[in-house]
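Topology and contacts: notes
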Amino acid sequence: MELPHTTLEQWVVLQTVVNAGSYAEAARVLFRSQSSVSYALASLQERLGLRLLHIVGRKAELTEQGRALLSQAQPLISAFIQLEARAVGLQQGARTQISLVVDAVFPKDSLFLSLKAFQKVFPDTQLQLSEILRNETDRQIQARDADLYITTQPAENTLNSRWLMDVEFVPIAAYGHPLLSLKIPINASQLGQFPLITIVDRDSQRDEKRKTYETANWSFTTIEAAIEAIVHGVGYGWVPLHKVSARLESGELVRLALDGNSLRKTALYLTYNSAQHCYDPTLNAFVAEIERRIG
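Keep in mind it's a predicted model, so treat the numbers as computed, not measured. Along each chain, numbering runs from 1 in the same order as the chain's sequence is written. For this predicted model, a pLDDT threshold of at least 70 governs which residues receive local features, and a threshold of 80 or more governs which side-chain atom pairs are given and counted, while totals over whole chains, interfaces and linings are taken from all residues. Side-chain calculation: all heavy atoms of the structure are included, whereas hydrogens and water are not.

**What about the environment of Asn273?**
Using the following cut-off: Each helix is a run of DSSP H or I of at least 4 residues and each strand a run of E of at least 2, with the numbering of both proceeding from the N terminus. Only heavy atoms enter the contact rule, under which two residues are in contact if any of them lie within 4.5 Å. In protein, a polar contact means a hydrogen-donor-capable atom and an acceptor-capable atom, both N or O and within 3.5 Å, with residues adjacent in sequence counting only if both atoms are side-chain atoms; elsewhere, any N or O pair within 3.5 Å suffices.
Assignment of secondary structure puts Asn273 in the loop between strand 11 (264–272) and helix 11 (275–278). Excluding anything up to four places from it in sequence, Asn273 contacts Arg144, Asp145, Ala146, Asp147, Tyr149 and Asn160. Of the polar contacts made by the side chain of Asn273, one reaches the backbone oxygen of Ala146; its length is 2.7 Å.

**Digging into the packing of helix 9 (residues 223–231) against helix 10 (residues 241–250)**
Rule in force here: In this analysis an axis means a line fitted to C-alpha atoms, helices contributing only their contacting stretch, and an angle means the value between N-to-C directions, from 0 to 180 degrees. Should an angle lie under 35 degrees it is considered roughly parallel, over 145 roughly antiparallel, and from 65 to 115 roughly perpendicular; all remaining angles are considered oblique. Here a crossing is taken to be left-handed if its near helix is turned anticlockwise relative to the far helix by less than a right angle, and right-handed if that turn runs clockwise. All residues other than Ala, Val, Leu, Ile, Met, Phe, Trp, Tyr, Cys, Pro, Asp, Glu, Lys and Arg, Gly among them, are scored as polar; the first ten of these are nonpolar and the last four charged.
Helix 10 packs onto helix 9 with a crossing angle of 30° between their chain directions and a minimal axis gap of 11 Å. If you check the angle between helix 9 and helix 10, you find them roughly parallel. Handedness of the helix 9/helix 10 crossing: right-handed. On helix 10, the residues touching Ile223, Glu224, Ile227, Glu228 and Val231 of helix 9 are Lys243, Val244 and Arg247. Taken together, the residues that form the contact of helix 9 with helix 10 break down as four nonpolar, no polar and four charged.

**Description of the packing of helix 1 (residues 8–20) against helix 3 (residues 34–48)**
Between two packed helices, both the angle of their axes relative to each other and the distance between the axes serve to describe the pair. The N-to-C vectors of helix 1 and helix 3 enclose an angle of 115°; their axes lie 9 Å apart at closest approach. Handedness of the helix 1/helix 3 crossing: left-handed. Contacts between helix 1 and helix 3 involve Gln10, Trp11, Val13, Leu14 and Val17 from the former and Val37, Ala40, Leu41, Ser43, Leu44, Arg47 and Leu48 from the latter. Tallied by class, the residues present in the contact of helix 1 with helix 3 amount to nine nonpolar, two polar and one charged.

**Examining the pairing of strand 3 (residues 97–103)**
Selection criterion: Using a 1.4 Å probe on the protein chains alone, a residue whose accessible area is under 20% of its type maximum counts as buried, one over 50% counts as exposed, and one in between counts as partly exposed. Here, strands pair whenever DSSP counts at least two bridges between them. Crossovers are marked right-handed if the path from the first strand over the helix to the second runs clockwise, as seen with the strands pointing away from the viewer.
The element strand 3 is extensively covered by neighbouring structure, given that six of its seven residues are classed as buried. In this structure, strand 3 lies alongside strand 4 (residues 126–132), joined through seven bridges in parallel fashion. Bridge assignment links Val101 to a residue of strand 4, and that residue is Ser130. Following the backbone out of strand 3, through helix 5 (residues 108–121) and into the adjacent parallel strand 4, one traces a crossover that is right-handed. One ladder, built from three bridges, connects strand 3 with strand 5 (residues 148–151); its direction is parallel. By the bridge assignment for strand 5, Leu100 is matched with Leu148.

**Some points on the nonpolar core**
So the rule is basically this: What is meant by a nonpolar core is a set of buried Ala, Val, Leu, Ile, Met, Phe, Trp, Tyr and Cys residues, joined one to another through side-chain atoms within 4.5 Å.
If you look at the biggest cluster of nonpolar residues, it comprises 47 residues, and the most contacted ones within it are Phe106, Leu111, Leu148, Leu253, Leu256 and Phe286. Those elements that provide at least two residues to this core are strand 3, helix 5, strand 5, strand 6 (161–174), helix 9, strand 9 (236–240), strand 11 and helix 12 (281–294). Tallying contributions element by element places strand 6 first for this core, with eight residues. Apart from the residues lying within four places of it in its own chain, the contact partners of Phe106 are Leu111, Ile150, Leu164, Met165, His242, Leu268, Ile290 and Ile294.

Without other data, these values stay purely geometric and don't point to any function.
Set out below in structure tokens:
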């Protein structure tokens, strides 16, 4: 089999120059001298017998031929980076600690059953769990302080993030609430006459204090407190169906029949901190337990 005439390193240098816009900036990103960057690209073009770059003003841009070839090389670059990340993950072995950030709407039964099963296989691995609300997702993912995230939005790097499940939200009110005496389906105008119970983080709650609403909104920083407020007739609200299924069956809470959609779905995504984390055997063992219980 004939060996390639070009190297992966040369293609990475080319991609970096294009992304950075200049040889000098690419050299800074790659922690190399500008002369070594120039040499790598000159060697690449010489071996291909094609001109891949030209200078427009002060910016290095791809030629038409360079654009076509780099587009084919990019999946190979990504695959090789993932291969090396997997090797690092295998080398690390079992972790002594896992940090996990989970949205509060994720089913607790699935979470704790997964933790219990994981603990039997990895008894020496400690787990640190932080529960967040939807409004806090972006800030938590950007901070990159955890190993795994189960949140309502994926990371920008889709290679490290995937859809996990949908959580169903339903509108509910307490048995005996005035909304239940109205003719169904209940429209938005009728709903507006009663307080809406919302679930927000503390920062958003402080922001809401500065706003003026036509109707009363009651906000709580935990799902459990919001549900209790609804149970006590303070107002109505949209809550995860799995959180109130037993109370709906008992009749303590009643699902509202609305004019329009009476079911909302919120997607939850599983996100790894980095490409290396994707191949960590300890993290993947925990992820496997999670997926087994929601599949």
